[in-house]
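Here's the letter readout for the chains.
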Amino acid sequence: MAGGIKIGKLRKRQEKRAEVVLDFGDDESLTLTVDPSKITVGWVKDISAAGRENDFGIVTERFFEVLLDWDLLDDDGEKMPFNDETLDALGFDVFFMIAEQMGKQDAQMKETSTS
């Protein structure tokens, strides 16, 4: 069966998630749920190069490729959507720091299941 995938393998692939926890101190952190299979050497190089060139479009495009969920809250404590408006509100420097941390080898990542 060329070009196909068995449902069991597809489910296992979908169940793989990783959490990247960015600790900001003072009991504040940001947890990003990502697809670790998409965080590759090429992804990290693209993020880094785009950051050096201040190319926000490439950085956001690469970010959305891997991001599945996050726990970023607005000032009222409501979860913020991950969309272009939220990223614009963060500003390039903060957003780039988040994206760069996602790609670092020493970021705290742990496998979770989707239950």
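Along each chain, the written sequence defines residue order, and numbers are assigned to residues from 1. For a predicted model such as this one, the threshold for reporting local features is a pLDDT of at least 70, and the threshold for listing and counting side-chain atom pairs is 80 or more; totals across whole chains, interfaces and linings nevertheless cover every residue. Excluded from the side-chain calculations are hydrogens and water; all other atoms, namely the structure's heavy atoms, are used.

Caption draft 1: Examining the layout of surface pockets more closely. Of the two site types, the cavity is a set of points on a 1 Å grid over the protein atoms alone where a 1.4 Å probe fits but cannot get out, and the pocket is an open set with protein on both sides within 12 Å along at least five of seven lines, each lined by residues with an atom within 4 Å of a point. Grid points are joined across faces, edges and corners, and a volume is the space filled by probe spheres set on the points. The calculated volume of the largest pocket comes to roughly 160 Å³. Lining the largest pocket, in full, are Phe-24, Glu-28, Ser-29, Leu-30, Asp-71, Leu-72 and Leu-73. If one sorts the elements of the lining of the largest pocket by residue count, strand 2 (residues 28-34) sits on top with three residues. Its residues assigned to classes, the lining of the largest pocket comprises four nonpolar, one polar and two charged. Strands are runs of DSSP state E lasting at least 2 residues, helices are runs of H or I lasting at least 4, and numbering of each runs from the N terminus. Nonpolar residues are Ala, Val, Leu, Ile, Met, Phe, Trp, Tyr, Cys and Pro. Charged residues are Asp, Glu, Lys and Arg, and all others, Gly as well, are polar.

Caption draft 2: Up close: the packing of aromatic side chains. Classification of ring pairs rests on two measures: the distance between centres of Phe, Tyr or Trp rings, Trp counted by its six-membered ring, which must be within 6.5 Å, and the angle between planes, read as stacked under 30 degrees, edge-to-face over 60 and tilted in between. For the structure on display, the rule yields three aromatic pairs. Aromatic side chains Phe-63 and Trp-70 sit 6.1 Å apart centroid to centroid with 50° between the ring planes, which places their arrangement in the tilted category. Measuring from centroid to centroid gives 6.0 Å for Trp-70 and Phe-82, while their planes differ by 80°, and the two rings are edge-to-face. Placement of Trp-70 in strand 3 (residues 67-70) and of Phe-82 in the loop between strand 3 and helix 4 (84-90) is noted, with a sequence separation of twelve residues between them. Grouped by ring-pair contacts, the aromatic residues Phe-63, Phe-64, Trp-70 and Phe-82 constitute a single cluster.

Caption draft 3: Layout of the side chain of Thr-31. The topology assignment puts Thr-31 in strand 2. Residue contacts are counted whenever heavy atoms from the two residues lie within 4.5 Å of one another. Here Thr-31 is in contact with Glu-19, Val-20, Val-21, Asp-69, Trp-70 and Asp-71, once residues within four sequence places are set aside.

Caption draft 4: The packing of helix 2 (residues 41-52) against helix 3 (residues 56-66), seen in detail. To obtain each axis, a line is fitted to C-alpha atoms, and for helices this fit is confined to the stretch in contact; angles are then taken between N-to-C directions over 0 to 180 degrees. Two elements in contact, helix 2 and helix 3, have axes whose closest approach is 8 Å; the angle formed by their N-to-C orientations is 150°. Judged on the interaxial angle alone, helix 3 and helix 2 are roughly antiparallel. With respect to the hand of their crossing, helix 2 and helix 3 are arranged in left-handed fashion. Taking contact as the criterion, the partners of Trp-43, Asp-46, Ile-47, Ala-50 and Gly-51 in helix 2 are, on helix 3, Ile-58, Val-59, Arg-62, Phe-63, Glu-65 and Val-66. Here the residues of the contact of helix 2 with helix 3 are counted per class, giving seven nonpolar, one polar and three charged. Angle categories are assigned with fixed cut-offs, so that under 35 degrees is roughly parallel, over 145 is roughly antiparallel, 65 to 115 is roughly perpendicular, and the rest are oblique. Crossings are classed by handedness, with left-handed meaning an anticlockwise turn of the near helix from the far one by less than a right angle and right-handed meaning a clockwise turn.

Caption draft 5: Focus on the nonpolar core. Leu-32, Val-34, Val-59, Phe-63 and Trp-70 are the most contacted members of the largest nonpolar core, which has 21 residues in total. Mapped onto this core, the elements with two or more residues apiece are strand 1 (17-25), strand 2, helix 2, helix 3, strand 3 and helix 5 (92-103). Tallying contributions element by element places helix 5 first for this core, with four residues. The residues contacting Trp-70, other than those within four sequence positions of it, are Thr-31, Leu-32, Phe-63, Lys-79, Met-80, Pro-81, Phe-82, Thr-86, Leu-87 and Leu-90. What makes a nonpolar core is a set of buried Ala, Val, Leu, Ile, Met, Phe, Trp, Tyr and Cys residues whose side-chain atoms join them at distances within 4.5 Å. Buried, partly exposed and exposed residues are distinguished by accessible area as a fraction of the type maximum, computed with a 1.4 Å probe on protein chains only: under 20%, between the cut-offs, and over 50%, respectively.

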